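# Descriptive structure summary
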Amino acid sequence: AFLKTFAAASNDEDSVASKSVGALARHCCIKAPESAEDREHASTSVAKLVTFLPADQASDFTLFLTKMCRHPQANQRTFALEVAQSLAEESFSSSSGQGRELKLDWAILVGGILERALDKVSSIRVKAVNCLASV
């Protein structure tokens, strides 16, 4: 609740507060935990943070996430797919009650997920297909 209020403190899309929340979301992605349960909690938290961002910063986060899908470490690629799936679930769930549609660049995000469907690591291929199914 604090970060939502902090990010919305200024309606200006170039506000320092919303940029800080975006930087926190990117930092959480980079420092992704290795255990599956911790990654699940972290990906859900990152998706919640992205819902607080203005449209242009949410679009920038989408670009960041697609770059992260091409990271050399399999753990980072897996986490990027988990965040993408959490974003899709957050955006399309009717139970969220926010009434605010995420302004993400879905074409770029889905393109990044599709690339991972051909990944050399089998668990990432499976995660990418599951992520596409939720979109």
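Conventions adopted
- Sequence order sets the numbering: in each chain, residues are counted from 1 along the sequence as written.
- pLDDT decides what is reported in this predicted model: residues at 70 or higher carry local features, side-chain atom pairs at 80 or more are listed and counted, and totals for whole chains, interfaces and linings draw on all residues regardless.
- To obtain the side-chain values, all non-hydrogen atoms of the structure were included, while hydrogens and water were left out.
- Secondary structure elements are taken from DSSP: a helix is a run of H or I of four residues or more, a strand is a run of E of two residues or more, and numbering for both begins at the N terminus.
- To estimate the expected span of a helix, count its residues, drop one, and scale the result by 1.5 Å.
- With a 1.4 Å probe rolled over the protein chains alone, any residue whose accessible area is under 20% of its type maximum counts as buried; one over 50% counts as exposed, and the rest are partly exposed.
- Regarding the arc, it is the one traced by the directions from the helix axis to the C-beta atoms.
- Here a Phe, Tyr or Trp ring, Trp counted by its six-membered ring, pairs with any other such ring whose centre lies within 6.5 Å, and the pair is stacked when the planes are under 30 degrees apart, edge-to-face when over 60, and tilted otherwise.
- Note on definitions: salt bridges are taken to be side-chain nitrogens of Lys or Arg within 4 Å of carboxyl oxygens of Asp or Glu.

For the rest of this paragraph, the subject is helix α2 (residues 16-30). Residues separated by three or four positions in an α-helix point in the same direction, a consequence of the helix having 3.6 residues per turn. With 15 residues, α2 should reach 21 Å at 1.5 Å per residue; the first-to-last C-alpha distance of 21 Å fits that figure. The set of residues buried in α2 consists of A17, S18, V21, G22, A25 and C29. Down the axis of α2, the buried side of the element spans an arc of 145°, and every buried residue falls inside it.

Turning to the packing of aromatic side chains, a few remarks are in order. On inspection of all chains with the given rule, the structure shows one aromatic pair. Considering the side-chain rings of F61 and F64, the 5.8 Å spacing of their centres and the 40° angle between planes classify their relative orientation as tilted. In this pair, F61 and F64 are both assigned in helix α4 (residues 55-68), three residues apart and thus about one turn of the helix distant. With relative accessibility at 0%, the residue F61 sits in the buried group.

Moving on: helix α5 (residues 74-92). With 19 residues, α5 extends 27 Å from end C-alpha to end C-alpha; this agrees with the ideal 27 Å at 1.5 Å per step. Along α5, 15 of the 19 residues are buried, which leaves the element largely enclosed by surrounding structure.

Let us look at the pattern of salt bridges. Scanning the model with the defined rule gives six salt bridges in all. One salt bridge in this structure joins E82 and K127, with 3.2 Å as the shortest N-O distance. Placement of the pair is E82 in helix α5 and K127 in helix α7 (residues 122-134), with a sequence separation of 45 residues. Accessibility expressed as a relative area gives 23% for K127, which makes it partly exposed. Overlapping salt bridges bring together R39, E82 and K127 as one network.

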